[in-house]
Every structure is written in C-alpha cells, then in structure tokens.
Amino acid sequence: MIDLNERFSEKRNFFNRLIFVYVFFGVLFLYLIYKTFSLQISSYSDYELASLENKTREFLVQPRRGIIYDRNGEIIVNNKPSYNMILDPENVNDINELIFEINKFVNLSDTEIKNINNIFPNKKKLNREVVLKRNLTTEEIAKFEVRNYRFPDIQIAERYSRQNLYPYLFSHSIGYVGNLGEEKLEEILLSQNLKSNETIFTYSNGFLKGKTGIEYIYDDKLRGLFGKKIYEVDASGRLLQEK
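Residues numbered from 1 in each chain as written. Predicted model: local features only at pLDDT ≥ 70, side-chain atom pairs only at ≥ 80, totals over all residues. Heavy atoms only, no water.

Inspection of every chain in the model, using the stated rule, returns 8 aromatic pairs. Arranged with centres 5.4 Å apart and planes meeting at 80°, the rings of F24 and F25 form a pair that is edge-to-face. On the basis of relative accessible area, F24 is assigned to the partly exposed category, the value being 46%. A ring pair is formed by F201 and F207, whose centres lie 4.9 Å apart and whose planes are at 75°; its orientation type is edge-to-face. One aromatic cluster is present, formed by F105, F144 and F151 through successive ring pairs. (Phe/Tyr/Trp six-rings, centres within 6.5 Å; stacked < 30°, edge-to-face > 60°. Buried < 20%, exposed > 50% of the residue type's maximum accessible area, 1.4 Å probe, protein only.)

This brings us to the nonpolar core. With 20 residues, the main nonpolar core has M85, L87, L98, I102 and I154 as its most contacted residues. For this core, the secondary structure elements donating two or more residues are strand 3 (75-87), helix 3 (95-102), helix 4 (110-126), strand 4 (130-133), helix 5 (138-145) and strand 5 (154-164). In this structure, I102 is in contact with M85, L108, F151 and I154, ignoring residues within four places of it in sequence. Core analysis: the next-biggest nonpolar cluster, separate from the first, contains 8 residues, L180, L185, L194 and F226 among them. (Core = buried A, V, L, I, M, F, W, Y, C linked by side-chain atoms within 4.5 Å. Helix = DSSP H or I, 4+ residues; strand = E, 2+ residues; numbered from the N terminus. Contact = heavy atoms within 4.5 Å.)

Note that D219 resides in helix 9 (residues 219-223). A relative accessible area of 4% means that D219 is categorised as buried. With residues near it in sequence (within four places) discarded, D219 still touches R65, K209, G210 and I214.

End to end, helix 4 covers 25 Å across 17 residues, agreeing with the expected 24 Å (1.5 Å per residue, within 8%). Residues I116, F120 and L126 constitute the buried set of helix 4. Looking at the packing, one finds that the buried side of helix 4 touches strand 3, helix 3, strand 4 and strand 10 (239-242). Just beyond helix 4, the residue with positive phi is N127, at close to 60°. (Expected span 1.5 Å × (residues − 1).)

Interaxial distance between helix 3 and helix 4 falls to 11 Å at its minimum, and their mutual angle equals 150°. What the angle tells us is that helix 3 and helix 4 run roughly antiparallel. The interaxial crossing formed by helix 3 with helix 4 has right-handed handedness. Contacts from I95, N96 and I99 of helix 3 reach helix 4 at I113, I116, N117 and F120. Residues belonging to the contact of helix 3 with helix 4 are distributed by class as follows: 5 nonpolar, 2 polar and no charged. (Axes fitted to C-alpha atoms, helices over the stretch in contact; angles between N-to-C directions. Parallel < 35°, antiparallel > 145°, perpendicular 65-115°, else oblique. Left-handed = near helix turned anticlockwise from the far one by under 90°. Nonpolar A, V, L, I, M, F, W, Y, C, P; charged D, E, K, R; others polar.)

We now examine the pattern of salt bridges. Summed over all chains, the structure comprises 14 salt bridges. For the salt bridge of K104 with E101, the shortest nitrogen-to-oxygen distance reads 3.3 Å. If you follow the salt bridges from partner to partner, you end up with R65, R162, E215, D219, D220 and R223 in one network. (Salt bridge = Lys/Arg side-chain N within 4 Å of Asp/Glu carboxyl O.)

This part covers the pairing of strand 1 (residues 56-61). The two faces of the sheet receive side chains in turn, since in a regular strand these alternate between them. One ladder, built from 6 bridges, connects strand 1 with strand 9 (residues 227-233); its direction is antiparallel. For V61, the partnering residue across the bridge sits in strand 9 and is G227. In terms of strand pairing, strand 1 meets strand 7 (residues 199-200) through 2 bridges, oriented parallel. The partner of V61 across the bridge, within strand 7, is I200. (Pairing = 2+ DSSP bridges.)

Written out as structure tokens, the structure is:
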C-alpha cells in the first residue's frame with residue numbers, strides 16, 4: 001500500500017514538472033512570437049527609420065548671402081569668389097610627404113602645416129575634406145594646375161568672401177560681417193527647424209553674421225536659408241557617397 005502511494009506521488013510530481021516545462025517553453029515560444037511580430041510588423045517602420053538614420057548622415061549647406069544693390073540697381077556689396085586647395089584624404093598614407101611636395105610650389109605656413117597634421121587623422125578616418133590652403137592667389141592656382149596630374153586627390157574649390165565695391169564711400173552704412181557664435185547659430189537653426197550639424201561651407205570664413213550697418217539690420221534676409229545634403233555613411237561614420 002505504501003509503495004502504491006509513493007508511486008502515485010512520484011507520478012504526480014513528474015506530471016507537475018512536465019506541466020511546468022511545457023508552460024515554460026510555451027511562454028518562451030509566445031515571447032519569441034511577440035518579438036518577431038514586433039520587429040517585423042508593429043515596429044518595422046521605427047526600426048527602418050533608425051536603420052536609415054544610422055546609414056545616412058545629413059549635412060547643412062551654407063547659403064550664399066544676398067547681394068546689396070543701390071536704388072539704381074548697381075551692386076554695392078557682392079560675393080567675391082576665392083579659391084581653396086582641398087584634399088580628399090582617403091587615399092593619402094603619408095601626409096607629411098604630400099605637404100613636402102606641395103610646399104615646393106605653394107608655400108604653406110608653419111601654422112597651416114600644424115593645423116593639417118592635427119586634423120588629418122580624424123578627417124581621413126571619416127573621409128572628410130581637408131583644407132590645405134585658403135585664398136589661393138592666381139599664381140598659386142596656376143602653379144598647381146600645371147602639376148595637378150601628380151595630385152589626383154587634391155582639387156581647387158571655390159569659396160566666397162563679402163566684397164564692398166565702394167569701401168571708401170559706404171563702409172560705415174553698409175557695415176561688415178563676422179563670424180557667428182555657437183549660441184547665435186543654434187538660434188538661427190532653430191528658427192529654420194534645423195539641428196546643429198556638420199556643414200558644407202560656401203564662405204572661407206565659415207558661419208557669417210552681419211555685425212553693423214545694413215549687413216546687420218537686414219541680416220535675416222541677406223543670410224538666406226540653410227540647405228541640406230545627405231550622404232551614405234558606414235558604421236564608423238565614414239562618408240561613402242552622396243544620396
């Protein structure tokens with residue numbers, strides 16, 4: 001009689017454990033079904049958006065400031081083109097050797113060389129352009145152009161600066177532009193529903209703001225609106241191509 005009770009108890013315990021195992025794996029299976037449904041269906045758009053944000057990066061494009069005319073339609077202030085020497089660092093292994101070669105026909109100051117060496121490693125890692133020299137003269141441009149076949153990773157890129165065509169007559173009333181502070185930049189971008197981001201500059205001096213005179217009074221209208229460019233990036237943030 002005792003043996004029968006023990007066997008019955010053992011069977012009951014075994015049955016209870018079996019029920020527990022079934023329930024455990026059942027719950028686990030339902031959880032996997034739920035996560036699969038969440039990933040593939042209910043939250044698909046959210047994950048797709050996050051994936052695209054990780055795959056692409058948005059750049060701001062600096063607008064060109066407006067031209068100032070007099071009442072007769074004559075230009076008083078214009079955007080004067082200047083030219084920078086720009087390096088695509090992706091295929092450059094020895095920046096010092098490149099600097100040495102460039103320095104043979106275009107003089108790079110110690111400050112410029114120091115700055116290039118400081119920014120080059122990170123720019124190369126992220127495949128961002130490196131400015132070797134700003135505001136090239138026509139002579140420097142000509143010296144480079146006859147040798148450009150030797151430097152496939154370097155180009156001359158056009159940038160702008162503000163030019164008052166009548167500096168001795170209207171300089172006080174026209175005013176001048178200067179660099180834009182970080183706080184003011186955030187305010188400007190917020191007014192355009194934009195976030196602070198990497199910027200493709202149109203002007204050699206970076207972000208500009210009217211400081212005095214007409215440049216200051218009509219700064220909002222003269223400044224224009226920032227544009228956007230989207231680039232495909234890899235997991236490390238390195239630029240691949242424009243979308």
